[in-house]
Each structure stands twice: as C-alpha cells, then as structure tokens.
Amino acid sequence: MKRIIIDTDPGIDDAFAILLALAAKEKLEVLALTTVNGNAGVDQVTKNACKICDIADENELPIFKGCSRPLCRERENSAVFHGDDGLGNIGIPDTVVKVGCEHAVDYLVRKAREEKGEITLTAIGPLTNIAAAIKKDAEFAGNVKELVIMGGAEFKGNMSPHAEFNFWVDPEAAKIVFAAGFGKITMIGLDATAYIYLDPVLRELLYAINTPVSRFMHKISRVYMDGHWKIEKKLGCELCDVLTIAYLLDESVVEKVDAFVDVETKGLCEGASVVYRKKYYPQKEKNCEVAVKADVKHFYDIFFKYLFPEYLATAAQLLTNYYDSK
Ligand code: RIB
Ligand code: CA
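Just so it is clear, the model here is predicted, and its values are computed rather than measured. (Residues numbered from 1 in each chain as written. Chains lettered and ligands numbered in written order. Predicted model: local features only at pLDDT ≥ 70, side-chain atom pairs only at ≥ 80, totals over all residues. Heavy atoms only, no water.)

### Describing the environment of I134
Part 1 of the argument: Mapped onto the elements of the fold, I134 is located in helix 5 (residues 128–136).
Part 2 of the argument: Relative accessible area serves as the criterion here: at 15%, I134 is assigned to the buried category.
Part 3 of the argument: In sequence terms I134 and G181 are 47 residues apart; their C-alpha atoms lie 9.9 Å from each other. (Helix = DSSP H or I, 4+ residues; strand = E, 2+ residues; numbered from the N terminus. Buried < 20%, exposed > 50% of the residue type's maximum accessible area, 1.4 Å probe, protein only.)

### Here we look at the environment of D137
Part 1 of the argument: Positionally, D137 belongs in the loop between helix 5 and helix 6 (140–143).
Part 2 of the argument: Taking the C-alpha atoms as reference, D137 lies 6.7 Å from V109; in sequence the two are 28 residues apart.
Part 3 of the argument: D137 has contacts with V109, R113 and N143, leaving out every residue within four places of it along the chain. (Contact = heavy atoms within 4.5 Å.)

### Looking at the coordination of the calcium ion (ligand 2)
Part 1 of the argument: Looking at the calcium ion (ligand 2), one finds its protein donor set to be D9 (OD), D14 (OD), D14 (OD), I124 (O) and D241 (OD), positioned 2.2 to 2.6 Å from the metal centre.
Part 2 of the argument: Taken in chain order, the donor set of the calcium ion (ligand 2) reads D-x4-D-x109-I-x116-D. Here the residue I124 occupies a position in the loop between strand 4 (119–123) and helix 5, and D241 occupies one in helix 12 (residues 240–249), the gap between them amounting to 117 residues.
Part 3 of the argument: Judged by relative accessible area, I124 falls into the buried class, the value being 1%. (Donors = N, O, S within 2.8 Å, 3.2 Å for Na, K, Ca; no water.)

### Overview of the nonpolar core
Part 1 of the argument: Core analysis: the biggest nonpolar cluster contains 69 residues, and F16, F299, Y300 and F303 have the highest contact counts within it.
Part 2 of the argument: Among the elements that line this core, the one with the most residues is helix 1 (residues 12–23), at nine residues.
Part 3 of the argument: With residues near it in sequence (within four places) discarded, F299 still touches I196, L239, V242, L243, A246 and V253.
Part 4 of the argument: In this structure, F64, I134, M187 and V257 belong to the second largest nonpolar core, which totals 41 residues. (Core = buried A, V, L, I, M, F, W, Y, C linked by side-chain atoms within 4.5 Å.)

### Description of the packing of aromatic side chains
Part 1 of the argument: Following the criterion strictly, the structure yields 15 aromatic pairs and no others.
Part 2 of the argument: Geometrically, the ring pair formed by F64 and Y107 is stacked, given 4.1 Å between the ring centres and 15 degrees between the ring planes. In this pair, F64 sits in strand 3 (residues 63–65) while Y107 sits in helix 4 (residues 104–114), placing the two residues 43 residues apart along the sequence. The same class applies to F64 as to Y107, namely buried.
Part 3 of the argument: With 4.9 Å between their ring centres and 80 degrees between their planes, F299 and Y300 make a pair best called edge-to-face.
Part 4 of the argument: Owing to a relative accessible area of 1%, Y300 belongs among the buried residues under this scheme. (Phe/Tyr/Trp six-rings, centres within 6.5 Å; stacked < 30°, edge-to-face > 60°.)

### Quick word on the side chain of S214
Part 1 of the argument: Residue placement: S214 occurs in helix 11 (residues 212–232).
Part 2 of the argument: The class of S214 is buried, set by a relative accessible area of 0%.
Part 3 of the argument: Here S214 is in contact with L206, I209 and F308, once residues within four sequence places are set aside.

### Considering the packing of helix 5 against helix 8 (residues 171–178)
Part 1 of the argument: Where helix 5 contacts helix 8, the axes come no closer than 8 Å and their chain directions differ by 55 degrees. Comparing their axes, helix 8 and helix 5 come out oblique. Both helix 5 and helix 8 take part in a crossing whose hand is left-handed. Across from T128, I130, A131, I134 and K135 in helix 5, the residues of helix 8 making contact are A173, I176 and V177.
Part 2 of the argument: A per-class count over the contact of helix 5 with helix 8 returns six nonpolar, one polar and one charged. (Axes fitted to C-alpha atoms, helices over the stretch in contact; angles between N-to-C directions. Parallel < 35°, antiparallel > 145°, perpendicular 65-115°, else oblique. Left-handed = near helix turned anticlockwise from the far one by under 90°. Nonpolar A, V, L, I, M, F, W, Y, C, P; charged D, E, K, R; others polar.)

### A word on the environment of G91
Part 1 of the argument: If you trace the backbone, G91 turns up in the loop between helix 3 (79–82) and helix 4.
Part 2 of the argument: Overall, G91 belongs to the exposed group, its relative accessible area being 57%.
Part 3 of the argument: Between the C-alpha atom of G91 and that of C237, which follows or precedes it by 146 residues, the distance is 20 Å.

### Observations concerning the pairing of strand 9 (residues 254–263)
Part 1 of the argument: Here strand 9 runs beside strand 11 (residues 288–294); their pairing, made up of six bridges, is antiparallel. Paired with A259 across the strands is C288, a residue of strand 11.
Part 2 of the argument: Sheet topology places strand 9 next to strand 10 (residues 273–277); five bridges connect them, and they run antiparallel. Its bridge partner being in strand 10, D262 is matched across the sheet by V274. (Pairing = 2+ DSSP bridges.)

### Points about the site of ligand 1
Part 1 of the argument: Around ligand 1, the structure places 13 residues, and the nearest of them are D13, N39, N158, E164 and D241.
Part 2 of the argument: In this structure, an oxygen atom belonging to ligand 1 sits 3.4 Å away from a side-chain N or O atom of D9.
Part 3 of the argument: Of all the elements in the fold, those that place two or more residues in the shell around ligand 1 are helix 1, helix 7 (165–169) and helix 12.
Part 4 of the argument: Here the shell around ligand 1 is built from residues that sort into four nonpolar, four polar and five charged. (Near = heavy atom within 4 Å. Polar contact = N/O pair within 3.5 Å; in protein donor to acceptor, adjacent residues only side chain to side chain.)

Shown next, in the form of structure tokens:
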C-alpha cells in the first residue's frame, strides 16, 4: 500500500488522475489533496478539487489550498485546454468547499515530518508548493519517501519547443526541487505521456458506461479534446497526469532511464528540463529516473481495472481494433 499526497492543479487530466487514485483503494491510500495555481487560479482549482471529491463520493478527503502564484513570476493559466474554470466549463455547481484551514505548504511540511519516510508525494501541477516546502523545512526532502512528478520532458515541450507546462509555470520551483536531495525522484514527462491519448472511441465508451464518474469524465474532456484539435489537429486528449497515477499502480507501465535533471530558469528555453542520461554522461550524479516511453494498452488495463472493471475486456478489444488498425 502506497500512502500518497497528490499536489494538483485540477485541471481535466488532474481530475481523471485523482479519480483513478481514489478508485485504487487496494493499492493507494490518498491522505490528502494539496492545490496549487496552474491550470486555473488556486481558488478555482481548490473548488474543482472539492467537486472532483464530490463526484467520487469522497467528501471526507482532506484538501489544503496552496500557493496562488509561482515563486518569482506571473503566468497565465491554461484555459485553452482546461476551460476558464479548469474543468471544461460544463457549469458544475459549487459544492460545499471543505478546505483545511492549514496552508498546503504547512500541511506538506508537517505531514512529511510526522510520517517520515512513509509518504509518496505525487506532484501533477507546477512545483511551487513543493519548492516552498523545501524552503520552509531543510529536512522536508529527506522526510519524503519518494517524489513522483508529472512534468518536464527530455525531447518535447507544450509551452515552447522545450518547456512543459508544469515546469514552464514555475521554472525556479522545478530547479529547486531537482536540487533538493530527495531520496528518489521519478519524472513522468511528455516523452512518456505522449503515448497516452484518450482517443474518441474510448471517450465514447466512458459515455456508454453511464456512471456518475464516467459521465463526468466524458463531459469535462470535451474542452480538452477541442483544445488538442485546435492546437495540434489531433483527435483525442493527452492524459498526462493520469499516467503518473498509473505508474504508482504498476511501475512497468513506463520505461525509465537514470539521469541527472536540471531546469533552465531564464531566456529562450526557460522551463526546459535538461536530461543528462547517466549512460551518456556518467560524470553527472543521478538525481532522478526519467520515463522515456509508456505502454498505452497496459495503461488502459490499469485505468479500467480500477475505475470500470466490468468494462476491462471491452476497452481492451476497442484498443486492439483501434491501434492494430493504425
Ligand atoms: O503538461 C501537462 C501538465 O500541464 C498536466 O499536469 C496538465 O494538468 C497541465 O497542468
Ligand atoms: Ca496538472
């Protein structure tokens, strides 16, 4: 059983990721959600976190609001992919916002200290909260069992040819995180998430499954699908954050390499993660394992196994038809 805290900026793929994590109770104990400015402002993503928990009937899950802006810059949110409200603009009514009175950074520092070596911290938004916790408590990195990050890339970018959104929003935070001395960091970047698209066939299966969670996923992903078509002329949407949770459930869903990673914070390539594979740069000290590939059929086996197990075989057949026909 992994005991995890999810640091998140929901966000449509964040929502899919949180719902998968909450469904995988036999493997994951979700201790709390901590929210951070990213896909939408921190007040909005915190409301969204409450809505997601309400859909999952998990209204007792602790939620703590975090940083409202990057460490030392201002950045716009990503409405084109996630909608102005961060959840696809489908007008979900506000639920009772049951948010802890403790700031997310204080919660992270306290919980990591109280449960030293026990917590797998899963960061699927900009790393502002994580960096703030490192600055607040010099022992924070050492108190965390493992840090798993959705972010960065070895050879890709989505905010520039070289910068991925979570690192682009707060490059200074990302740089601090990789230099902080965590015992184990796993970076699930765009090189791996590029394999994981929700294609139209599977999105329609979510509609046909017709449960509150599946229909919620179908509805919120419309804007996300439209954004991918508008920007990339691709049918489907990239489930970046969801691969990170799937990795927690079965690490063999990705292929990893040992590396030294640092992050550029200024100029043309600000937000870029520079990945020195140990194989090619043995003089560099490893600080991270980087996911370089992902297995899409294995991913959906995990996704449907925990969320919609009675449709596992149907999804596998649809995937075989779709991918074998390519
Ligand atoms: O680049 C992908 C990341 O940016 C994901 O976390 C997604 O939610 C967006 O925030
Ligand atoms: Ca996210």
